[in-house]
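One-letter residues, chain by chain:
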Amino acid sequence: MSKIDDDTAPRAAWMGLLARSRPDRLAALLAPLDLPAHDWARAPESGAVMVRGRAGGTGAPFNLGEMTVTRCALRLATGEVGHAYVQGRDRAHATRAALVDALMQGPRAAEMQAAVLDPLAADRAAQRAARAGKAAATRVEFFTLVRGED
Amino acid sequence: MYVAVKGGERAIDAAHDWLAEERRGDPAVPELSVAQIREQMALAVNRVMAEGSLYDRDLAALAIKQARGDLIEAIFLIRAYRTTLPRFGGSRPVDTGAMDCIRRISATFKDAPGGQVLGPTFDYTHRLLDFALAAEGEARPDDVPPAEAAPGPRPEPAPVPHILDFLGQDGLIQAEAPGEDDPRDLTREPLELPADRALRLQSLTRGDEGFVLGLAYSTQRGYARNHAFVGELRIGTCAVELDIPELGFAVEIGEVELTECETVNQFKGSKTEPPQFTRGYGLTFGQTERKAISMALVDRALRWKELGEDFAGAPAQDEEFVLSHADNIQATGFLEHIKLPHYVDFQSEMELVRKIRAAADRARAGLGEAAE
């Protein structure tokens, strides 16, 4: 259903980064910034998304179970509309994510990128690398023993 | 039949007050926080998420606290809560091939491409009680040093290919039937049989761990034996993508930790299928590998019809039996309701028994007179 991937890919990427960020971390990054007022296009609302898997990992889809998600949409006085779909039930977190989404579409995009998105991306990379490092320490080489009967 | 009863309000209130007091336990012992349960009872939290069918660690931890550690009661609370949530949609199927793995093992291939990674596992522990964990104030286990990363350059988390793909390339294992249709949803429509595989997998992934484990074990002991090997078991996080209609593109809305088990099963071939390996599949929320392996074994047993195998009459092959009894909330609801007042019901039963007895007594008396 994508329109033109080149247009939407950067926005999808920052929305994904915001959705997966820790609520307290996003709040801390936004705290020192001067944020504009907004009107609701859709007030924050918590709900569920049915997560799907595939039979055998590659086959037909099946319903695995739901996850909690909070969404909202807001409009800035300058006209940009920000959307958020974030994991969990934290409405303030969804609001912050939508605010960043809106600001990324206007003249403050570079500021948001440097002050919010880059640190979130760095956190995420560090966290993934730390887990990958611990996993690598538990990598094993199994040997099969040759029995001496022949 | 259960008939509504009135009364007992004060007694019920008092019982619930006492329950709250018992939940708290000895006030001299510090109270558990929801965060402590979430972080330190993580595998209980995972089970409640998997069988409650709702991925939310904080809610699962809260439910465990409220249920005094009774996990089925906690699952019940989560199931009740999830019915209050509006459904925003169904995700794109998660790509487990792109999982960030913390554990990935194969019992069939020693030199699996991508390597074997044990992760944080109970395997190879001695199952001896660790009294250091009970030591208060002495050698505090809270001060355990963080696990060390592997020496050398930090490995980049890279996609780890599914091991069974390598068997698939040689045509030695049956391919999964592709599909993109929206799957039927057990939580939205009543179970209708025959079920398709999607419905069976949904039922198994939210089914009771003990029940699914018992059925899986029965297949290993010979009731519909299908010689399962764990081709691959992996645990890690996967991104969840949702198509957002108002935007017209898909966005990652979060990530979930999953356990995936793919079994390789012996198969001699049938009238319709050549000799080759076949698959069983388990996928569950959280680190729940006992459940994922069990699910894969039962999934394989239930596939007898599509693989052209014989029905051996085993419980694990019987779709109606498995799907009707896997859900512990349905089961416990029906089971536990028999302790609630059934006075009217029972009174009619009692009258019936009295009538039959009286008739039997009369008949015996009649016989006695005839004999004299």
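Refer to the structure presented above.
To start, this report covers the structure provided alongside it. (Residues numbered from 1 in each chain as written. Chains lettered and ligands numbered in written order. Predicted model: local features only at pLDDT ≥ 70, side-chain atom pairs only at ≥ 80, totals over all residues. Heavy atoms only, no water.)

1. A few points about the packing of aromatic side chains
Aromatic ring pairs are described here by two measures, namely the spacing of the ring centres and the angle between the planes.
And then number 1: Tallied over the full model, the rule gives five aromatic pairs over all chains.
And then number 2: Where Tyr55 of chain B meets Phe285 of chain B, the ring centres are 5.2 Å apart and the plane angle is 75°; that geometry is what we call edge-to-face. Taken together, the residues Tyr55 of chain B in strand 1 (residues 54-55) and Phe285 of chain B in strand 7 (residues 278-285) connect sequence positions 230 residues apart.
And then number 3: Against the face of Phe88 of chain B rests Arg71 of chain A, its NZ or CZ located 3.8 Å from the ring centre. (Phe/Tyr/Trp six-rings, centres within 6.5 Å; stacked < 30°, edge-to-face > 60°. Helix = DSSP H or I, 4+ residues; strand = E, 2+ residues; numbered from the N terminus. Lys NZ or Arg CZ within 6 Å of the ring centre and 35° of its normal.)

2. Side note on the pattern of salt bridges
Residues and elements named next belong to chain B.
And then number 1: The full count for this structure, using the stated rule, is 43 salt bridges over all chains.
And then number 2: In this structure, the salt-bridge partner of Arg200 is Glu306, at a minimum N-O distance of 3.1 Å. Taken as a pair, Arg200 in helix 7 (residues 197-205) and Glu306 in the loop between helix 9 (289-302) and helix 10 (319-325) lie far apart in primary sequence, 106 residues in all.
And then number 3: Since its relative accessible area comes to 40%, Glu306 is described here as partly exposed.
And then number 4: Between Lys339 and Glu336 there is a salt bridge, with the nearest N and O atoms lying 2.5 Å from each other. (Salt bridge = Lys/Arg side-chain N within 4 Å of Asp/Glu carboxyl O. Buried < 20%, exposed > 50% of the residue type's maximum accessible area, 1.4 Å probe, protein only.)

3. Examining the packing of helix 4 (residues 57-66) of chain B against helix 5 (residues 71-82) of chain B
Residues and elements named next belong to chain B.
And then number 1: Look at helix 4 against helix 5: their axes get within 8 Å of each other, and the N-to-C directions meet at 130°. For the element pair helix 4 / helix 5, the angle class is oblique. Of the two possible hands of crossing, helix 4 and helix 5 adopt the one that is right-handed. The residues of helix 5 that touch helix 4, namely those facing Leu59, Ala60, Ala63, Ile64 and Gln66, are Leu71, Ala74, Leu77, Ile78 and Tyr81.
And then number 2: Its residues assigned to classes, the contact of helix 4 with helix 5 comprises nine nonpolar, one polar and no charged. (Axes fitted to C-alpha atoms, helices over the stretch in contact; angles between N-to-C directions. Parallel < 35°, antiparallel > 145°, perpendicular 65-115°, else oblique. Left-handed = near helix turned anticlockwise from the far one by under 90°. Contact = heavy atoms within 4.5 Å. Nonpolar A, V, L, I, M, F, W, Y, C, P; charged D, E, K, R; others polar.)

4. A word on the pairing of strand 6 (residues 249-265) of chain B
Residues and elements named next belong to chain B.
And then number 1: The buried count for strand 6 comes to 15 of 17 residues, which makes it a mostly enclosed element.
And then number 2: Taken together, the 16 bridges between strand 5 (residues 228-244) and strand 6 define a ladder with antiparallel strand orientation. In the strand pairing of strand 6, Leu242 is matched with Val251.
And then number 3: Connecting the antiparallel pair strand 5 and strand 6 is a turn made up of four residues, with Gly248 showing a positive phi of about 85°.
And then number 4: Sheet analysis places strand 6 next to strand 7, joined by eight bridges and oriented antiparallel. By the bridge assignment for strand 7, Glu262 is matched with Tyr281. (Pairing = 2+ DSSP bridges.)

5. Some words on the interface of chain B and chain A
And then number 1: Taken together, the contact pairs 80 residues of chain B with 59 residues of chain A.
And then number 2: Summed over both partners, the interface of chain B with chain A comes to about 6,200 Å²; 59% of that surface belongs to carbon and sulfur atoms.
And then number 3: Viewed at the interface, chain A and chain B are joined by ten salt bridges.
And then number 4: Taking the shortest distance from any N to any O, the salt bridge between Glu252 of chain B and Arg20 of chain A comes out at 2.3 Å.
And then number 5: Here chain B and chain A share 28 residue pairs in polar contact (both at pLDDT 80 or more) between them.
And then number 6: Of all the elements, strand 6 of chain B adds the most residues to the side of chain B that touches chain A, at eleven residues.
And then number 7: Class assignment of the residues belonging to the side of chain B that touches chain A gives a composition of 40 nonpolar, 17 polar and 23 charged.
And then number 8: Sheet topology places strand 4 (residues 139-140) of chain A next to strand 4 (residues 116-117) of chain B; two bridges connect them, and they run antiparallel. Looking across to strand 4 of chain B, one finds that Arg139 of chain A is bridged to Val117 of chain B. (Buried area = accessible area lost by both parts, 1.4 Å probe. Polar contact = N/O pair within 3.5 Å; in protein donor to acceptor, adjacent residues only side chain to side chain.)

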